[in-house]
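# Residue-level structural notes
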Amino acid sequence: MNLLTSLLNIGYPGLFALMVLESASLPIPSEVVLPFAGYLVFLGKMNLVLAILVSTIALVVGALIDYYLALWLGRPVVYRLLGRFGVSSTRLDAGERWVSSKGAWSVFIARFIPGLRAAISIPAGLLRMKLRTFVALTSAGSLIWSTVLVYAGFRAGPLWQTSLASLTSFADQAALVVIAGISILYVAYYLGAFGRKG
């Protein structure tokens, strides 16, 4: 069952599971999943506020999984474990340097940076960042990330219907990429129009 079918058939539990896995460093792109959740909101299959809340909570849960894995198991075991899932030690090393140089706020900032979004939780655990600080900054970053992408998918709904209608059944995965691209273009256009008015 592909990602598209999972979200359509499972709804909030599917969205929650996918975002937990993404935030726990597995290769699931929230840049695709969250805009598609917004499309489901447009179709009336999800509620906008609930989709954002479910996504945010799931992202925090996934981040806590990585945080505690690093805290309890230590660097060698965590690096070896995540390596089996295709997470490179180079990415984890970069995250650790980022946390060391930028401090606690690096956790918030990294939530918006591809490649560091999920990996940042590992060095935060390794460096024993205060749990309250980690959760607060992760929650804030995840809420903003979820809100922007889900809302973008919702507002781009009419464009998606036109695009998806022209795709054949073999192109489900390609459709997800198209959906994400349309959402990003819509946000860029919206922000550009807003800037011109200001």
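Throughout what follows, the structure given in this document is the object of discussion. (Residues numbered from 1 in each chain as written. Predicted model: local features only at pLDDT ≥ 70, side-chain atom pairs only at ≥ 80, totals over all residues. Heavy atoms only, no water.)

What follows deals with the overall build of the protein chain. Looking only at helices and strands, the protein chain features 11 helices and zero strands. Traced from its N-terminal end to its C-terminal end, the protein chain shows the element sequence α-α-α-α-α-α-α-α-α-α-α. Residue pairs at least 24 apart in sequence account for 74% of intrachain contacts in the protein chain once pairs closer than 6 positions are excluded. About 10,000 Å² of surface is accessible on the protein chain, with carbon and sulfur atoms providing 69% of the total. (Helix = DSSP H or I, 4+ residues; strand = E, 2+ residues; numbered from the N terminus. Contact = heavy atoms within 4.5 Å. Areas by Shrake-Rupley, 256 points an atom, 1.4 Å probe, with all protein chains shown as cover.)

A few words now on empty space enclosed by the protein. For the coordinates displayed, the defined rule picks out one cavity of 30 Å³ or more. Forming the boundary of the largest cavity are Glu-22, Ser-23, Leu-59, Ala-63, Arg-111, Arg-117, Ala-118, Thr-138 and Ser-142. Going through the elements one at a time, helix H2 (12-23), helix H4 (48-73) and helix H9 (131-155) are the ones with two or more residues in the lining of the largest cavity. Class assignment for the residues of the lining of the largest cavity results in three nonpolar, three polar and three charged. (1 Å grid on protein atoms, 1.4 Å probe; cavity = no way out; pocket = protein on both sides within 12 Å on 5 of 7 lines; lining within 4 Å. Points joined across faces, edges and corners; volume = space filled by probe spheres on them. Nonpolar A, V, L, I, M, F, W, Y, C, P; charged D, E, K, R; others polar.)

A separate point is helix H3 (residues 30-42). For H3, with 13 residues, the first-to-last C-alpha span of 18 Å sits near the 18 Å given by 1.5 Å per residue. Summarising burial for H3: 11 of the 13 residues are buried, a large majority. Ser-30, Val-32, Val-33, Leu-34, Pro-35, Phe-36, Ala-37, Gly-38, Tyr-39, Leu-40 and Val-41 are the residues of H3 that are buried. Among the residues trailing H3, Gly-44 stands out with phi positive, at a value near 85°. (Expected span 1.5 Å × (residues − 1). Buried < 20%, exposed > 50% of the residue type's maximum accessible area, 1.4 Å probe, protein only.)

This paragraph deals with the packing of H2 against H3. Two elements in contact, H2 and H3, have axes whose closest approach is 10 Å; the angle formed by their N-to-C orientations is 160°. Classified by the interaxial angle, the pair formed by H2 and H3 is roughly antiparallel. Both H2 and H3 take part in a crossing whose hand is left-handed. Note on element contacts: H3 touches H2 through Ser-30, Val-33, Leu-34 and Ala-37, opposite Leu-15, Leu-18, Met-19 and Glu-22. Class assignment for the residues of the contact of H2 with H3 results in six nonpolar, one polar and one charged. (Axes fitted to C-alpha atoms, helices over the stretch in contact; angles between N-to-C directions. Parallel < 35°, antiparallel > 145°, perpendicular 65-115°, else oblique. Left-handed = near helix turned anticlockwise from the far one by under 90°.)

Quick look at the packing of H3 against H9 now. One way to put it is that H3 packs onto H9 with a least axis distance of 6 Å and a crossing angle of 50°. The angle between H3 and H9 places the two elements in the oblique class. Every pair of crossing elements has a handedness; the one defined by H3 and H9 is right-handed. Where H3 abuts H9, its residues Ser-30, Glu-31, Leu-34, Pro-35, Gly-38, Tyr-39, Val-41 and Phe-42 lie against Trp-145, Ser-146, Leu-149, Val-150, Gly-153 and Phe-154. Across the contact of H3 with H9, the residue classes break down as nine nonpolar, four polar and one charged.

Looking now at H2. End to end, H2 covers 16 Å across 12 residues, agreeing with the expected 16 Å (1.5 Å per residue, within 8%). All of the buried residues along H2 are Gly-14, Leu-15, Leu-18, Met-19, Val-20, Glu-22 and Ser-23. Two residues or fewer after H2 comes Ser-25, characterised by a positive phi angle close to 80°.

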